[in-house]
Amino acid sequence: MQYLFYLFAAISVLSALLVVGARNPVNSVISLIVCFLSIAGHYILLNAQFLAMVHIIVYTGAIMVLFLFVIMLLNLNKSTEPSKTLLTRIAAVTAGALFLFTLLGALRQGVHIAAAKEFDGNTGLVKSVGQSLFSDFLLPFEVSSVLFLSAMIGAVMLGRKDRSPREDAPARPEPSERRTKKIPA
Amino acid sequence: MSALILTSVLGVLLLYLGLFGQKKLLVPVGVLGLLAAIGLFVMDRSINVPMFAHMVSFDRAGWLFSCGMLVVTVLIFLFGADYYARQEENVAEQYALMIFSLTGALLLTSYTNLLMLFLGIEILSIPLYIMAGGKRDSMRSSEASFKYFLLGSFASAFLLMGIALIYGVAASFDLGVVKEVALRQLVQPDILFTLGCFFVAIGLSFKVAAAPFHFWSPDVYEGSPTLITAFMSTVVKMAAFIGLYRFVGITQMPPTLGKALLVMTIFTLMIGNIVALRQSHFKRLMAYSSIAHSGFLLMAVLSQAPNTAQVLFYYTFTYSLATVGLFILMTLAKRAANGDEHIRIFRGLFRAKPWLGVVMLLLMLSLAGIPLTAGFVAKYQIFLLAIGADLIKTTVFAVLMALVGIYYYAVVIREAFTPSEEAPALVVSPVNLLLISVCGISVVLFGLLPGYLQ
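These figures come from a predicted structure and were not determined experimentally. One numbering rule holds for all chains: residues counted from 1, following each sequence as written. The order in which chains are written sets their letters, starting at A; the order in which ligands are written sets their numbers, starting at 1. Under the rules for a predicted model, residues below a pLDDT of 70 receive no local features and side-chain atom pairs below 80 are neither given nor counted, while totals for whole chains, interfaces and linings still include all residues. Derived side-chain values reflect all non-hydrogen atoms in the structure, with water molecules and hydrogen atoms excluded from consideration.

Visitor: Requested: an account of the side chain of N113(B), with residues and values cited.
Guide: Residue and element names in this part refer to chain B. The topology assignment puts N113 in the loop between α4 (91-110) and α5 (114-132). The rule is simple: take the accessible area with a 1.4 Å probe, protein chains only, and divide by the maximum for that residue type; under 20% is buried, over 50% is exposed, in between is partly exposed. Take N113: its relative accessible area is 3%, and that puts it in the buried class. Setting aside residues up to four positions removed in sequence, N113 forms contacts with H54, M55, F173, D174 and L175. Secondary structure elements follow DSSP: runs of H or I no shorter than four residues count as helices, runs of E no shorter than two count as strands, and numbering proceeds from the N terminus. Contact between two residues is taken to exist if any of their heavy atoms lie within 4.5 Å; hydrogens are not considered.

Structure follows, in structure tokens:
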């Protein structure tokens, strides 16, 4: 069990570093997928099956595929990183180094955090998640439908093509536009 | 609670009306629904009753704020009748989104669980991001929407991180438990809890546009359709402030958080008032004025006296009345000036329409806080609260900043009373005239009789 944890932890850290370091955006996205998968492995080690599945479906499945689509549609698969000015580089290095020193200082002092609650292995099971969603957390669960409804309205409203120019010219969307409509849900 | 359900259903109903092309019915149905929601609130006797497994509970302050926000939304809906008269597309969606946003605002007045705080903020914001991009042919509107979306999601991430940290200490989202933990913190401070409170405060102060998290507001106010700007600077401000007030009250403010909020208050007062001096674009001016007002309101939040909620309500409600009135006036003047938004569009207003000029004077004086208007009473009460909470230096500074603020309001008033060669050809529909008059008169009335709002 413990070795599995170390394995997943090593994969997460390495792939996360690759996401930032890779020159090619497609490589970045692939490493991010690997990173997400290894994090899902952590969830399974903690007996949080529901979270692990949702994580894989939503992040790895939907969001990352969307990322890949965007990168391909915008033709970003060459390394087109804009070069940064010297000033931004200095500022970024300074800020990053300061943050690192703060973290190291905090770690040296040691922050002791007592667990507020005993670990309960049953919390993450699909059954218990479902039960609390429909009993204690019924209102948040229901009310989030308003949120999703408004997000959907927004996607339709802002993503729809204008009606006015279409009356003059017959509707013939260009290939790239036709592809944008395919948003994986 | 039934009002909450009513508003959600009302939004869906408006969408259906839009689907069947009943554009004429949108405003009447919307206004009737909102009035019914106000009625439900007035009839509702369930004050301080926890509902849905301690998720929401309307206390006296939440009740006041809910009614206030519903009233302001009614005003904005009526304004919309004229504003959207020439627009054909997406009108129903705009109204429905506004109602959904209002539902989130109602949750913010009544949350007793940190999850509801997060959901409230999200339901309030996501429709706003969309509405800000409502003018689809305008580059500025899209820019406003995109900026607001990116920065807003960033702030939401802070909020969520803070809630997670608080959960890590308290092992519960329930505000009752969090309050107990917060009391324990006074004896034995825990870094995680302080950090969590800090992150939540950052997320919320983004919504109220307090410095240094205010950078989005001038651009977003400028780019959004005026109706949405009016909604943003009134209902959203009220909701965010009651949310922040409740949160700060529950956590008892760890000393470090108190200090950070105090510094933010001072910066907000300074940036809002001083940068506004250099603005000549009316919407940007109103954005900075709104930042400045956030500074005064933050002072009240810091004081945490028993009557703070009433003062907050009085301040935000009268501020909202004045702001809605001014945005309606701006829309009228903007139409006469072919879409210009510079403050010179008001030139000659008094000569052309004396009554509108007088109302504009009243509204501006109220925002500036001149005696006999509601703005003065509101500021006065806030200063009293701040002095009661031993914030003497901050109060002196705030008074100074309020004096600075009078200048930029006076500049706009001067424009309105300067005669111009050609009087602006203002066309005022009866509904708008009624709305502007109601705003102007009520600002004076509530200034003379402040007791009616408490």
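Next comes the rest of the description.
Visitor: Give a detailed account of the interface of chain A and chain B, specifying residues and quantitative values.
Guide: Bring the parts together and some accessible area is lost; that lost area is often taken as the interface size. Across the boundary between the two partners, chain A contributes 24 residues, which contact 32 residues of chain B. Each salt bridge in this description consists of a side-chain nitrogen of Lys or Arg and a carboxyl oxygen of Asp or Glu lying within 4 Å of one another. Applying the counting rule to chain A against chain B returns 0 salt bridges. Identification of polar contacts relies on pairs of N or O atoms within 3.5 Å, with a donor-acceptor requirement for protein atoms, meaning one able to donate a hydrogen and the other able to accept it, and with residues adjacent in sequence counted only if both atoms are side-chain atoms. Between the two partners, chain A and chain B, sit 3 residue pairs in polar contact (both at pLDDT 80 or more). Residue polarity is assigned by list, with Asp, Glu, Lys and Arg as charged and Ala, Val, Leu, Ile, Met, Phe, Trp, Tyr, Cys and Pro as nonpolar; anything else, Gly included, falls into the polar class. Taken together, the residues of the side of chain A that touches chain B break down into 15 nonpolar, 3 polar and 6 charged.

Visitor: Provide a residue-level description of the packing of helix α8 (residues 191-207) of chain B against helix α10 (residues 226-251) of chain B, including the pertinent values.
Guide: All names here are of chain B. Simply put, an axis is a line fit to the C-alpha atoms, just over the touching stretch for a helix, and the angle between two N-to-C directions goes from 0 to 180 degrees. Orientation of α8 relative to α10, taken along the N-to-C sense of each, is 165°, at an axis distance of 9 Å. What the angle tells us is that α8 and α10 run roughly antiparallel. In this structure, α8 crosses over α10, and the sense of that crossing is left-handed. Taking contact as the criterion, the partners of F193, C197, V200, L204 and K207 in α8 are, on α10, A240, G243, L244, F247 and T251. Angle categories: roughly parallel below 35 degrees, roughly antiparallel above 145, roughly perpendicular from 65 to 115, and oblique for all the rest. Here a crossing is called left-handed whenever its near helix is offset anticlockwise from the far helix by less than a right angle, and right-handed whenever the offset is clockwise.

Visitor: Describe the state of the cysteines, naming the residues involved and giving the relevant values.
Guide: Cysteine sulfur pairs qualify as disulfides if the two atoms are within 2.5 Å. All chains considered together, the criterion is met by 0 disulfides over all chains. This cysteine, C67(B), is not joined by any disulfide, and C439(B) carries the nearest cysteine sulfur, 18 Å off.

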